[in-house]
Amino acid sequence: MNSCTFLVRIISQPEQSFFKDNTPVVEMYVKFATASKRNGLNKFRMALWGDLAKDFSMYFRTKDYVIIKGIFSLRDYDNKQKELEFTVKKIYPFLLYEEN
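Every value quoted in this text rests on a predicted model; they were computed, and no experiment measured them. Throughout, residues of each chain are indexed from 1 in the direction in which the sequence is written. Local features are withheld for residues below a pLDDT of 70 in this predicted model, meaning they are given only at 70 or higher, and side-chain atom pairs are given and counted only at 80 or more; totals for whole chains, interfaces and linings count all residues. Side-chain numbers come from the whole structure's heavy atoms, not from hydrogens or water.

1. Comments concerning the environment of Val30
Phase 1 of the analysis: Here a helix means four or more residues in a row that DSSP labels H or I, a strand means two or more in a row labelled E, and each is numbered from the N terminus. By the element assignment, Val30 lies in strand 3 (residues 24-32).
Phase 2 of the analysis: Taking the C-alpha atoms as reference, Val30 lies 5.4 Å from Arg9; in sequence the two are 21 residues apart.
Phase 3 of the analysis: Whether two residues touch is decided by their heavy atoms; if any such pair falls within 4.5 Å, the residues are in contact. Aside from chain neighbours lying at most four places away, what touches Val30 is Val8, Arg9, Ile10, Ile11, Asn42, Lys43, Phe44 and Met46.

2. Here we look at the pairing of strand 3
Phase 1 of the analysis: A large share of strand 3 lies buried, amounting to seven of its nine residues.
Phase 2 of the analysis: Here strand 1 (residues 3-10) runs beside strand 3; their pairing, made up of three bridges, is antiparallel. Bridge pairing in strand 3 links Arg9 to Lys31.
Phase 3 of the analysis: Two strands qualify as a pair provided DSSP detects at least 2 bridges between them. Where strand 2 (residues 15-18) meets strand 3, four bridges bridge the pair, whose relative direction is antiparallel. Looking at strand 3, one finds that Ser17 is bridged to Val25.
Phase 4 of the analysis: Once strand 2 ends, the chain turns through five residues before running back antiparallel as strand 3, passing Asn22 with a positive phi of about 65 degrees.
Phase 5 of the analysis: Summarising the sheet, strand 3 and strand 4 (residues 43-49) pair through seven bridges and their orientation is antiparallel. Bridge assignment links Val26 to a residue of strand 4, and that residue is Leu48. Buried, partly exposed and exposed residues are distinguished by accessible area as a fraction of the type maximum, computed with a 1.4 Å probe on protein chains only: under 20%, between the cut-offs, and over 50%, respectively.

3. Details of the side chain of Ser12
Phase 1 of the analysis: Structurally, Ser12 is set in the loop between strand 1 and strand 2.
Phase 2 of the analysis: Beyond its immediate sequence surroundings of up to four residues, Ser12 is in contact with Met28, Tyr29 and Thr62.

4. Re the packing of aromatic side chains
Phase 1 of the analysis: Two rings belonging to Phe, Tyr or Trp (six-membered ring only in the last case) form a pair when the distance between their centres is within 6.5 Å. Interplanar angles under 30 degrees mark stacking, angles over 60 mark edge-to-face geometry, and anything in between is tilted. Going through the model one piece at a time under the given rule, you end up with ten aromatic pairs.
Phase 2 of the analysis: With 5.1 Å between their ring centres and 65 degrees between their planes, Phe6 and Phe32 make a pair best called edge-to-face. In this pair, Phe6 is assigned in strand 1 and Phe32 in strand 3, connecting sequence segments 26 residues apart.
Phase 3 of the analysis: Overall, Phe6 belongs to the partly exposed group, its relative accessible area being 21%.
Phase 4 of the analysis: Pairwise contacts between aromatic rings join Phe6, Phe32, Phe44, Phe72 and Phe86 into one cluster.

Written out as structure tokens, the structure reads:
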């Protein structure tokens, strides 16, 4: 299994949706906190499911830094474009952005 841990920054507004059985899913784009411009991959889609998605919606927002544990996968969009997606199993706050 390709389980990994990263420090990332949330860079897009989280989008919440529900499956037919009312399981919540939250998806957003994040970027590596320490990525350099030389690195080819700097941002990817992050997905949270179930109770983790509910907790995320209550406590985290754009510009926050979080530590995430989970697995990578390739997501296929209309059989034309593939995108890297990270499914989060655990999430920890690192540096939370405070609005003035």
